[in-house]
Amino acid sequence: MKPDHDAVFKSLSDPTRRALFERLCLDGEQTVAALTEQAGISQPAVSKHLGVLKRAGLVSGRHEGRQTHYSARKKALDPLIDWTRQMGGFWDTKLDSLENLLGRMDQ
């Protein structure tokens, strides 16, 4: 796995960060205050989680006055999607080989 992939995986390993990212994906751009209302944690905690997501490239922030509006960067999931496809293909090949071996053993 490439180092930039690690940041995506690590940032999404936390359930709170996953929930924030999912909310931004599903509901679109949100302010920190709006995200805090439904997160069940304090505003400073939400801001810290958003900082981790931002460093991983999963969200971007835009300042408007005193508020920051965050949005999901869905293309940042490409490394995760590529990795799962690669691993899916790997296991499909291995399982097909096992199935062939078991078939030959039954004969």
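Above this text you will find the structure in question.
All figures in this text were calculated on a predicted structure; none of them were measured in a lab. (Residues numbered from 1 in each chain as written. Predicted model: local features only at pLDDT ≥ 70, side-chain atom pairs only at ≥ 80, totals over all residues. Heavy atoms only, no water.)

J.: Please clarify how the pattern of salt bridges should be interpreted in this entry.
T.: One side chain can pair with another of opposite charge once the charged atoms of both are near each other. By the definition in use, this model includes four salt bridges. Glutamate 29 is paired through a salt bridge with arginine 62; the nearest N and O atoms lie 2.6 Å apart. Note that glutamate 29 is positioned in the loop between helix 2 (15–27) and strand 1 (30–31) and arginine 62 in strand 2 (residues 59–64), a separation of 33 residues in sequence. On the basis of relative accessible area, glutamate 29 is assigned to the partly exposed category, the value being 38%. Owing to a relative accessible area of 35%, arginine 62 belongs among the partly exposed residues under this scheme. (Salt bridge = Lys/Arg side-chain N within 4 Å of Asp/Glu carboxyl O. Helix = DSSP H or I, 4+ residues; strand = E, 2+ residues; numbered from the N terminus. Buried < 20%, exposed > 50% of the residue type's maximum accessible area, 1.4 Å probe, protein only.)

J.: Just checking my understanding: could you explain a nonpolar patch on the surface for this structure?
T.: Taken together, the side chains of Trp91, Leu95, Leu98, Leu101, Leu102 and Met105 present a nonpolar region at the surface, about 620 Å² in accessible area. Of the residues examined, leucine 98 reaches a relative accessible area of 42% and is grouped as partly exposed. (Patch = residues over 30% accessible without salt bridge, like charges linked within 9 Å, V, L, I, M, F, W, Y side chains within 5 Å. Areas by Shrake-Rupley, 256 points an atom, 1.4 Å probe, with all protein chains shown as cover.)

J.: Is there a simple way to think about the pairing of strand 3 (residues 67–72) in this case?
T.: As paired strands, strand 1 and strand 3 are joined by two bridges and run antiparallel to one another. In the strand pairing of strand 3, threonine 31 is matched with histidine 69. In this structure, the hairpin formed by strand 2 and strand 3 is closed by a connection of two residues, where glycine 65 is found at a positive phi of approximately 65 degrees. (Pairing = 2+ DSSP bridges.)

J.: Which parts of the structure should I look at to understand the nonpolar core?
T.: Residues Leu12, Phe21, Leu50, Leu53 and Leu58 are the most contacted members of the largest nonpolar core, which totals 16 residues. Only helix 1 (3–12), helix 2, helix 3 (32–39) and helix 4 (43–55) provide two or more residues apiece to this core. Excluding its chain neighbours within four sequence positions, the residues that come into contact with leucine 58 are Val8, Ser11, Leu12, Phe21, Leu53, Ser71, Ala72, Arg73, Ala76 and Leu77. (Core = buried A, V, L, I, M, F, W, Y, C linked by side-chain atoms within 4.5 Å. Contact = heavy atoms within 4.5 Å.)

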